[in-house]
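Fold and geometry: a report
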Amino acid sequence: MTLTSGVIGGLLAATAPQPNWLFFGLALIGILIAHAANNLINDYFDLALGVDASEDYARAKYAPHPILSGLITRRQM
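Attention in this report is confined to the structure presented alongside it. Note that the coordinates shown come from a computational prediction; the quantities given were computed from them, not determined experimentally.

With respect to a nonpolar patch on the surface
Taken together, the side chains of Leu3, Val7, Leu11, Ile31 and Leu32 make up a nonpolar region of the molecular surface, amounting to roughly 410 Å² of accessible area. Elements represented by at least two residues in the nonpolar patch include exactly helix H1 (2-13) and helix H2 (21-48). At 3 residues, the largest contribution of residues to the nonpolar patch is made by H1. Assignment of secondary structure puts Leu11 in helix H1.

Here is the structure:
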């Protein structure tokens, strides 16, 4: 979803007389990293506050929770 938004922004920028593709690439990478970081922070605090307290929680059913699934520890996150 974020990639699509960034690409749409790039398509809009392509209509400029001299688009700066370096800035577009950096902005696209930045928005993807920001979104990923936001998701990880959200997962961490949901678990810390007890929202994602078990593997039966709905969020854990449609996507792997990074901590509950064992991909990463709380300390690593």
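Remarks on the packing of aromatic side chains
This model, assessed by the stated rule, comprises 2 aromatic pairs. Seen from their ring centres, Trp21 and Phe24 are 5.8 Å apart, and the 90° between their planes marks the pair as edge-to-face. One end of the pair is Trp21 and the other is Phe24, both in helix H2 and 3 residues apart, which spans about a single turn. Residue Trp21 is classed as partly exposed on the basis of its relative accessible area, which comes to 48%. When its relative accessible area of 24% is taken as the criterion, Phe24 is described as partly exposed. Here the aromatic rings of Tyr44 and Phe45 are separated by 5.1 Å at their centres, their planes lie at 90°, and the arrangement is edge-to-face. Among the residues examined, Tyr44 registers a relative accessible area of 28% and is labelled partly exposed. For Phe45, a relative accessible area of 46% translates into the label partly exposed.

Description of the environment of Ala13
Looking at where Ala13 falls in the secondary structure, it is placed in helix H1. When the C-alpha positions of Ala13 and Phe24 are compared, they lie 8.1 Å apart, and in sequence the two are 11 residues distant.

Basis of the calculations
- Residues numbered from 1 in each chain as written.
- Predicted model: local features only at pLDDT ≥ 70, side-chain atom pairs only at ≥ 80, totals over all residues.
- Heavy atoms only, no water.
- Patch = residues over 30% accessible without salt bridge, like charges linked within 9 Å, V, L, I, M, F, W, Y side chains within 5 Å.
- Areas by Shrake-Rupley, 256 points an atom, 1.4 Å probe, with all protein chains shown as cover.
- Salt bridge = Lys/Arg side-chain N within 4 Å of Asp/Glu carboxyl O.
- Helix = DSSP H or I, 4+ residues; strand = E, 2+ residues; numbered from the N terminus.
- Phe/Tyr/Trp six-rings, centres within 6.5 Å; stacked < 30°, edge-to-face > 60°.
- Buried < 20%, exposed > 50% of the residue type's maximum accessible area, 1.4 Å probe, protein only.

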